[in-house]
Amino acid sequence: MVQLGERFLYAFEITGACIIGLIFVGMAVTSESADMAWKLVIAAVLCFCIALFFGVMYITNTKEREKRKFRM
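As a starting point, this report considers the structure included with it. Along each chain, the written sequence defines residue order, and numbers are assigned to residues from 1. The predicted nature of this model means local features are confined to residues of pLDDT at least 70 and side-chain atom pairs, given and counted, to a pLDDT of 80 or more, with totals for whole chains, interfaces and linings taken over all residues. Excluded from the side-chain calculations are hydrogens and water; all other atoms, namely the structure's heavy atoms, are used.

Details of the overall build of the protein chain
- Helix and strand assignments follow DSSP, with helices taken as H or I runs no shorter than four residues and strands as E runs no shorter than two, numbered in order from the N terminus. Scanning the protein chain from terminus to terminus reveals two helices and zero strands.
- Its C-alpha radius of gyration of 17 Å places the protein chain more than 25% over the 11 Å reference for a compact globule of 72 residues.
- By its C-alpha atoms, the protein chain is 60 × 20 × 10 Å across when sized along the principal axes.
- Between buried and exposed lies partly exposed: a residue is buried under 20% and exposed over 50% of the maximum accessible area for its type, with that area taken using a 1.4 Å probe on protein chains only. Counting all 72 residues of the protein chain, 18% fall into the buried class.
- A separation threshold of at least 6 residues defines the contact pool for the protein chain, and within that pool the share at least 24 residues apart is 64%.
- Working definition of accessibility: Shrake-Rupley area with a 1.4 Å probe, residue cover restricted to the visible protein chains. About 5800 Å² of surface is accessible on the protein chain, with carbon and sulfur atoms providing 74% of the total.
- This count recognises Lys and Arg as positive and Asp and Glu as negative, with His and chain-terminal groups excluded. A charged residue contributes its charge at one atom only: NZ of Lys, CZ of Arg, CG of Asp or CD of Glu. Taken as two groups, the 8 positive and 6 negative side-chain charges of the protein chain have centres that lie 15 Å from each other. Based on C-alpha atoms, the radius of gyration is set beside the globule rule, defined as 2.2 Å times the residue count to the power 0.38. The contact rule is simple, with two residues in contact once any of their heavy atoms fall within 4.5 Å.

The structure is reproduced here in structure tokens:
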């Protein structure tokens, strides 16, 4: 049951960061000034990096849990 909650937690964090990043990309495409567009693109890249970070954290936690399960 704990694993299911952890999966949903990571899934919502990854999905939320990706959606926010896509919103920033959409705002950058429709932006009037080039200066604002670059700032929005940088913000979108940071959001996608955060999503990647949470994905790596989830994969690392599941691998460590499997190692502990096989030790017992």
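After that view, the rundown keeps rolling.
A look at the pattern of salt bridges
- When a carboxyl oxygen of Asp or Glu lies within 4 Å of a side-chain nitrogen of Lys or Arg, that pair is called a salt bridge. Counted by the stated rule, this structure contains two salt bridges.
- Between aspartate 35 and lysine 39 there is a salt bridge, and its shortest N-O distance comes to 3.4 Å. On the criterion of helical spacing, the pair formed by aspartate 35 and lysine 39 is a turn pair, its members being four residues apart in helix H2 (residues 34-71).

Some remarks on a positive patch on the surface
- A surface patch of like charges, here positive, comprises Lys63, Lys67, Arg68 and Arg71.
- For arginine 68, the position within the fold is in helix H2. Patch members must show over 30% relative accessible area and no salt bridge, and they are joined within 9 Å when carrying like charges or within 5 Å when they are nonpolar side chains of Val, Leu, Ile, Met, Phe, Trp or Tyr.

Observations concerning the packing of aromatic side chains
- Aromatic contacts are taken between Phe, Tyr and Trp rings whose centres are within 6.5 Å, Trp giving its six-membered ring; a plane angle under 30 degrees counts as stacked, one over 60 as edge-to-face, and the others as tilted. By the definition in use, this model includes three aromatic pairs.
- With 6.4 Å between their ring centres and 25° between their planes, phenylalanine 8 and phenylalanine 12 make a pair best called stacked. You can see phenylalanine 8 and its partner phenylalanine 12 sitting in helix H1 (residues 2-29), four residues apart, about one turn around the helix.
- The partly exposed category is assigned to phenylalanine 8, whose relative accessible area is 47%.

A short note on the side chain of glutamate 6
- With respect to the secondary-structure elements, glutamate 6 resides in helix H1.
- Here a polar contact is taken to be a pair of N or O atoms separated by no more than 3.5 Å, where protein atoms must pair a possible hydrogen donor with a possible acceptor and residues adjacent in sequence count only if both atoms sit in side chains. Here arginine 65 takes part through its side chain, which lies 2.3 Å from a polar atom of the side chain of glutamate 6.
- Those residues in contact with glutamate 6 that sit more than four places away from it in its chain are Asn61 and Arg65.

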